[in-house]
Each structure stands twice: as C-alpha cells, then as structure tokens.
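# Structure at a glance
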Amino acid sequence: MEAGGDVFWSLFNEFNIWAAIVFAIVMVWLFYNTLKFRSSDNKSLEFESDEFIPGVFPKENDNLKMELTWTIVPFILIVYLTYIAWGPIDEMWSSDPDAHEISMTGNQWYWDIDCDPLRDTAEAPESSVEMENRSATMFYNDNGILICEITTIEVEGQIKPLLRVKADESYGFLLYSNDVTHAPFFLDWGLKEDTQPGMETRLYYTPSMDEIGSSLLMCTEYCGKDHGYMTAVVEVFE
Ligand SMILES: [Cu+2]
C-alpha cells in the first residue's frame, strides 16, 4: 500500500532527486580539489603558511565569483524546495465543498469520531460539546451507498475506534478538542493536523484505491499520561 497519496510521493521523489544531484556535485568538487591541490613530495604550496596573519583575511586567495555562486545557487534551490513542499499542505487544506464531513474530537485520552456531524443543523456545531452523545456511527450518501462507518476494534487488548471510509470518496475532517491540544496523525496517509480547544481545524483527503486496508491513527501532540494509547484504526474499503 502506498501511503500519502500522489502529491506526497512526487514531492518525496523530487527531494530525493535534488539530494542526489547536490551529493554528486559536492563529491566531484571535493575529490577534484583534494587531488588537484594536494601537496606533492613535501613541496609547500604556492603560499607559505607563515604568511598568514591571525585575524587578517588572505584577500589574495579570495574568489568573489565562487562565493556568490555557492551562496546564490543553494539559496535558489532552497527557496524552490520550500515552495514545492507547500504542495501537500495546500492539498490537505484546500476545502472541497463536495467532501463528506467527519468530525474527530480529541479528549484525554480517546478520539470521538462522528460520521455525520452536520446533521440536524445547517451550520457547523458551535462547539464539540454539542456533539457529545449523539454521534452518528454510519452515513449513507444519496444513492444509499455507505461512505462512513464507525465501529470498534481490539488493538493489543484495548478497544479502539475503527473508522471505515470509502476509497475514491472525498472527506473533510473537522477537528476539535475538548481539553488540550491533540493531533490526529493518519499514519499511512501522511496527514496530520492539530486539534485545538475552542477552535475548528480541518483537513481534506481522498483515500485512493491503493490505500484499501487498515492503518493506524495516533495522536502526535503530547497530551498527557495516556497520550501513547490515544490511537484508532482507519480502514479504507472499496
Ligand atoms: Cu496526544
């Protein structure tokens, strides 16, 4: 199963390609200069080391063109890589009006997941407290097709929520917290986002056919004693 979606993988590959190019240039440059400027048969180089005066830059060895090159070229590359690194963030933050919305509320130390948080009201609930005790565990679309289900699953002896979503469906996750900052991390999707008390955060994702199967969801913002057990399982079905 490929995790993270196409946009993540193309970014990963592009970073690897640039890392290989930079590595090759550095290595060629390193060995070229090591060999070219080595001292042979104990002869000293063109300058005497005694000529160096501490605190005084040996201007005669300066090469402005070279310094500008190794400053400007990596700078351009870093700016470019920073720019393309926004791609996945942009994608998970781009709202899709057709996305089916699922709410996830962080609590110390469990996740409350609701398949249909916006029923009953035309707008988003004002607070996650309103949604307590009225979680929808299933949602069918207009064609009667199941696109969200919440059940439970046993993970290492503990009962955890199991969120089931359909491949090729667009989902918007509405994220809340009832106490402190949490952060659901969809491990195999490569997505994470903070949940904040008193604030709604969102992320959007369309699981692909390649992602059919189960993967872990865990909290990645330290939230107290049982932070490490604040997990759930996400299953993508066909
Ligand atoms: Cu946590």
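The structure this text deals with has already been given above.
First, a word on what this report is: a plain description of the structure on this page. These figures come from a predicted structure and were not determined experimentally.

### Points about the nonpolar core
- In this structure, Ile102, Met104, Ile113, Leu163, Phe173, Leu191 and Val234 are the most contacted members of the largest nonpolar core, which totals 28 residues.
- For this core, the secondary-structure elements that each account for two or more residues are β1 (100-107), β2 (110-114), β4 (146-155), β5 (158-166), β6 (171-177), β9 (201-205), β10 (213-219) and β11 (231-237).
- Counting residues per element, this core draws most heavily on β6, which supplies 4 residues.

### Some points on unusual backbone geometry
- The step from Gln108 to Trp109 runs through a cis peptide bond, and the omega angle for that step is 0°.
- The backbone phi angle of Glu156 is positive, close to 50°, even though this residue is not glycine.
- Considering the arrangement of structural elements, one finds Glu156 in the loop between β4 and β5.
- The exposure class assigned to Glu156 is exposed, which follows from the 7 C-beta atoms found within 10 Å.
- A positive phi angle, close to 65°, is found at Asp168, a residue other than glycine.
- Along the chain, the position of Asp168 falls in the loop between β5 and β6.

### Side note on the sheet that holds β9
- An order of β2-β1-β6-β9 is seen for the 4 strands of this open sheet, with the pairing classed as mixed. Bordering the open sheet on either side are β2 and β9, each of which pairs with just one other strand. Ignoring which end each strand starts from, the neighbouring axes of this sheet average 25° apart.
- Direction of pairing for β1 relative to β2: antiparallel, over a ladder of 5 bridges.

### Notes on the pairing of β5
- Two elements, β4 and β5, share 8 bridges in a ladder whose sense is antiparallel. Looking across to β5, one finds that Ile153 is bridged to Lys160.
- Connecting β4 to the antiparallel partner β5 that follows it, the hairpin turn spans 2 residues, and Glu156 within it adopts a positive phi of roughly 50°.
- Pairing of β5 with β11, which is carried by 5 bridges, proceeds in the parallel orientation. Across the sheet, the residue bridging to Leu163 is Val234, located in β11.

Rules used in this analysis
Residues numbered from 1 in each chain as written. Predicted model: local features only at pLDDT ≥ 70, side-chain atom pairs only at ≥ 80, totals over all residues. Core = buried A, V, L, I, M, F, W, Y, C linked by C-beta atoms within 7 Å. Buried ≥ 20, exposed ≤ 12 C-beta atoms within 10 Å, placed from the backbone. Helix = DSSP H or I, 4+ residues; strand = E, 2+ residues; numbered from the N terminus. Pairing = 2+ DSSP bridges. Axes fitted to C-alpha atoms, helices over the stretch in contact; angles between N-to-C directions.

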